[in-house]
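Structural overview
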Amino acid sequence: MHSVNGGAAGAGDGGPSRNQSSWSTAAASVVGTNHFDQGVGSDDWYACNSVGNQLVICVADGLGTAKYGGIGARIATETALGFLSHPQTRASRNVRPAETMRRAFDEATTQINCRARQLICDVNDLATTLIAVIAFPDHLVLGQVGDCACVVEEVDRRTTLLGPPMKGEFANVTPCLGNTSESPRIIRHLSAVRSIALYSDGIEAIGVVRGKPFLPFWDPLWKFASQRREKADQDLRQLLCSDKIRRATDDDCTLVVATRRSETWSAN
Amino acid sequence: MESHTLLESVATPLEAGQNFEPRCPVAIVVDCSGSMSGGKIEELNRGLQQFSDEVRRDSLVALRCEPLLIQFGSRVSSNRDWKTADEFSPPKLAADGSTPLFEATIAALDAIEDRKRAYHAAALRYYRPWMLLISDGEPTDPGLEAEAIERCIDAERMSKCSNFSIGVDGADMDLLAKLSPARSPLRLQDMKFQELFRWLSSSLKSVAHSRIGQQAALPPVSGWAATP
């Protein structure tokens, strides 16, 4: 399994290698100028994995108030990814994907509580948001707690905000995994998608306006992700580090984009 | 697509001339009654101008912070022209008239709720609004006292906004305490309006840069608040 923060996304244990996957992925995570100025690292984490005909992507954002929010985010993504990818727990014909997703969030919460005991700290010190998606050939299932969000490119090229951020009334309030863990919002999208993007809230002001995807941002990204290139992660990272993004947000930014390889369409 | 092409081809709402940053509204309610004339109103004007300059300097605060000035004296300004800090330009205030403090407080709370409705309509996120109340005298509209106090208590209890009250000279601090029930009012030291507004701009920077789940830490008030 290859789950990384700020690096490349890859293929999972026993699954096809990245080059053999039916999905092209690009991922990047950069530290916000707010954190950089304070001399601290990113609290975002992401992980993705392709097993058989399933693609799993997880993104988490440790809360700013949480002392070990970055650790919580890593535990959440890696636990959820492991659960959703493991042969014994991943979704199958016998296990409903929505139920699998709920269990993955339960497991992430359990592991966060476990780490809190190891660190002898309050579980809220590890508070984090989490979003996870399982993409099947003909549908996808999304689980979400907090304000990381999901945008998809439908087969007919429409761009849809599938998992809008869960948030409180005020901009700096969001539900999270922690002591007062929220039940995940589960969304089933009953048709195939061409591309998927999961992102942390740093991207929101750029990618979504008036509750709708901002197409001048997403359309070039879909096109970019659909092309096989050697340096996709670096290119995406360059974008997230650019002035045009940094002018709009000082927060950590994480973006994972996956596009189904065109030759696999005929099989779907 | 070459690597530089992604960077060039992607556009952001800001580039499209649209500001969808989350907003931080702050109603600045200032006493312009006759008792503020002379040095006090001059220092207040200087403080406001300095505040305007400082919030513009931080590019993110300039896009997120929305100050609204409500002055009360011979009348209460009914202005609800919220503007982001990059467009905020305070008028030169003149001291005149009575002290309709309660009417101004109610007007500010109404303006905040009105603004929140506009945010909802525009699908804009926002931070918890602020109301900063500055007064030096006894209110002259006692008929509205009960309503104003009730509205302030409700605003804090329901987390509608955060109220801050600043007393100047002989202000009735007990009364101001009723208008900011969650935090004690502070008395301005020696007409230090500029220091007060420097604190306000620093505080709003802290709020505007705060991350999800993060309660903004405010700077110390020792530079302008009198010790009790």
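In this report, the structure presented in the accompanying data block is examined. Quick caveat: nothing in here was measured; it's all calculated off a predicted structure.

**Points about the overall build of chain B**
Looking only at helices and strands, one finds seven helices and five strands in chain B. Mapped in sequence order, the helices and strands of chain B form the string α-β-α-α-β-α-β-α-β-α-β-α. Against the globule reference of 17 Å for 228 residues, chain B gives a C-alpha radius of gyration of 18 Å, in line with a compact fold. C-alpha extents for chain B along the principal axes are approximately 70 × 35 × 30 Å. Out of the 228 residues in chain B, the part that is buried amounts to 54%. Restricting the contact set of chain B to residue pairs at least 6 apart, pairs at least 24 apart contribute 76%. Summed over all atoms, the accessible surface of chain B reaches about 9300 Å², with 48% contributed by carbon and sulfur. Treating the 25 positive side-chain charges of chain B as one cloud and the 32 negative ones as another, the clouds have centres 3 Å apart.

**A look at the pairing of strand 6 (residues 149–154) of chain A**
Residue and element names in this part refer to chain A. Burial within strand 6 is extensive, with six of its six residues counted as buried. The two faces of strand 6 match: Ala149, Val151 and Glu153 on one face and Cys150, Val152 and Glu154 on the other face are all buried. The pairing of strand 6 with strand 9 (residues 193–199) spans six bridges and is antiparallel. The residue bridging Val151 from the neighbouring strand is Ala197, located in strand 9. With four bridges joining them, strand 6 and strand 7 (residues 159–163) adopt antiparallel strand pairing. Paired with Val151 across the bridge in strand 7 is Leu161. Hairpin connection, strand 6 to strand 7: the antiparallel pair is bridged by four residues, and Arg157 has positive phi, about 80 degrees.

**A look at the sheet that holds strand 5 (residues 140–145) of chain A**
Residue and element names in this part refer to chain A. With antiparallel pairing, five strands are arranged side by side in an open sheet as 2-3-4-5-8. The open sheet terminates on both sides in strands that have one partner only, identified here as strand 2 (44–51) and strand 8 (185–189). Put simply, the sheet's adjacent strands are angled 10 degrees from each other on average, direction ignored. Relative to strand 4 (residues 128–135), strand 3 (residues 54–62) runs antiparallel, the two sharing eight bridges.

**Focus: helix 2 (residues 39–57) of chain B**
All names here are of chain B. The terminal C-alpha atoms of helix 2, which comprises 19 residues, lie 27 Å apart, in line with the 27 Å expected from a rise of 1.5 Å per residue. Of all the residues in helix 2, the buried ones are Lys40, Ile41, Glu43, Leu44, Asn45, Gly47, Leu48, Gln50, Phe51, Ser52, Glu54 and Val55. Each element contacted by the buried residues of helix 2 is listed here: strand 1 (24–31), helix 3 (59–64), strand 2 (65–72) and helix 7 (193–208).

**Things to note about empty space enclosed by the protein**
Enumeration over the complete set of coordinates arrives at two cavities of 30 Å³ or more. Forming the walls of the second largest cavity are Ala205 and Ala248 of chain A together with Pro13, Leu14, Gln18, Asn19, Phe20 and Glu21 of chain B. Residue composition of the lining of the second largest cavity, grouped by class: five nonpolar, two polar and one charged.

**A word on the packing of helix 2 (residues 69–85) of chain A against helix 3 (residues 97–119) of chain A**
When two helices pack together, their arrangement is given by the angle between the helix axes and by the axis-to-axis distance. Residues and elements named next belong to chain A. With their axes 8 Å apart at the nearest point, helix 2 and helix 3 run at an angle of 140 degrees to one another. Between helix 2 and helix 3, the angle falls in the class oblique. Of the two possible hands of crossing, helix 2 and helix 3 adopt the one that is right-handed. Mapping the contact onto sequence places Ile71, Gly72, Ile75, Ala76, Thr79, Ala80, Phe83 and Leu84 in helix 2 and Thr100, Met101, Arg103, Ala104, Glu107, Ala108, Gln111, Ile112 and Arg115 in helix 3. Considering only residue class, the contact of helix 2 with helix 3 consists of ten nonpolar, four polar and three charged.

**Focus: the packing of aromatic side chains**
Inspection of the entire model under this criterion finds ten aromatic pairs over all chains. Centroid distance Trp218 of chain A to Trp222 of chain A: 5.4 Å. Interplanar angle 20 degrees. Geometry classified as stacked. Taken together, the residues Trp218 of chain A and Trp222 of chain A, both in helix 5 (residues 215–226) and four residues apart, mark about one turn of the helix. By relative accessible area, Trp218 of chain A is classed as buried at 0%. Ring pairs connect the aromatic residues Tyr199, Phe217, Trp218 and Trp222 of chain A, which therefore count as one cluster. It is Arg183 of chain B that lies over the ring of Phe164 of chain B; its NZ or CZ is 4.5 Å from the centre.

**Points about the pattern of salt bridges**
Think of it this way: side chains of opposite charge can pair up when their charged atoms draw near. Residues and elements named next belong to chain B. Scanning all chains against the criterion turns up 22 salt bridges over all chains. In this structure, Asp136 engages Lys40 in a salt bridge whose closest nitrogen and oxygen atoms are separated by 2.9 Å. Here Asp136, found in the loop between strand 3 (130–135) and helix 5 (145–157), pairs with Lys40, found in helix 2; they are 96 residues apart in sequence, far enough to count as distant. Both residues of the pair, Asp136 and Lys40, belong to the buried class.

**A look at the interface of chain B and chain A**
Counting residues at the interface gives 37 residues for chain B and 45 residues for chain A. Taking both partners together, chain B and chain A bury about 3600 Å²; carbon and sulfur atoms supply 57% of that area. At the boundary of chain B with chain A, the tally comes to one salt bridge. Measuring nitrogen to oxygen at the nearest pair gives 3.3 Å for the salt bridge that ties Glu204 of chain A to Arg125 of chain B. For the pair chain B and chain A, the number of links is four residue pairs in polar contact (both at pLDDT 80 or more). Every element with two or more residues in the side of chain B that touches chain A is listed here: helix 1 (3–9) and helix 3 of chain B.

**Let's talk about the sheet that holds strand 3 of chain B**
All names here are of chain B. Strand order in this open sheet of five strands is 2-1-3-4-5, and the pairing throughout is parallel. Looking at the sheet topology across the chains shown, the edges are occupied by strand 2 and strand 5 (186–187). Contacts from helix 2 reach strand 1 and strand 2, with the element oriented near 170 degrees to strand 1. Sitting on the sheet, helix 7 is in contact with strand 1, strand 2, strand 3 and strand 4 (162–167), with an inclination near 175 degrees to strand 3.

Procedures and definitions
Residues numbered from 1 in each chain as written. Chains lettered and ligands numbered in written order. Predicted model: local features only at pLDDT ≥ 70, side-chain atom pairs only at ≥ 80, totals over all residues. Heavy atoms only, no water. Helix = DSSP H or I, 4+ residues; strand = E, 2+ residues; numbered from the N terminus. Rg over C-alpha atoms; globule rule 2.2 N^0.38 Å. Buried < 20%, exposed > 50% of the residue type's maximum accessible area, 1.4 Å probe, protein only. Contact = heavy atoms within 4.5 Å. Areas by Shrake-Rupley, 256 points an atom, 1.4 Å probe, with all protein chains shown as cover. Lys, Arg positive; Asp, Glu negative; His and termini not counted. Charge placed at Lys NZ, Arg CZ, Asp CG, Glu CD. Pairing = 2+ DSSP bridges. Axes fitted to C-alpha atoms, helices over the stretch in contact; angles between N-to-C directions. Expected span 1.5 Å × (residues − 1). 1 Å grid on protein atoms, 1.4 Å probe; cavity = no way out; pocket = protein on both sides within 12 Å on 5 of 7 lines; lining within 4 Å. Points joined across faces, edges and corners; volume = space filled by probe spheres on them. Nonpolar A, V, L, I, M, F, W, Y, C, P; charged D, E, K, R; others polar. Parallel < 35°, antiparallel > 145°, perpendicular 65-115°, else oblique. Left-handed = near helix turned anticlockwise from the far one by under 90°. Phe/Tyr/Trp six-rings, centres within 6.5 Å; stacked < 30°, edge-to-face > 60°. Lys NZ or Arg CZ within 6 Å of the ring centre and 35° of its normal. Salt bridge = Lys/Arg side-chain N within 4 Å of Asp/Glu carboxyl O. Buried area = accessible area lost by both parts, 1.4 Å probe. Polar contact = N/O pair within 3.5 Å; in protein donor to acceptor, adjacent residues only side chain to side chain.

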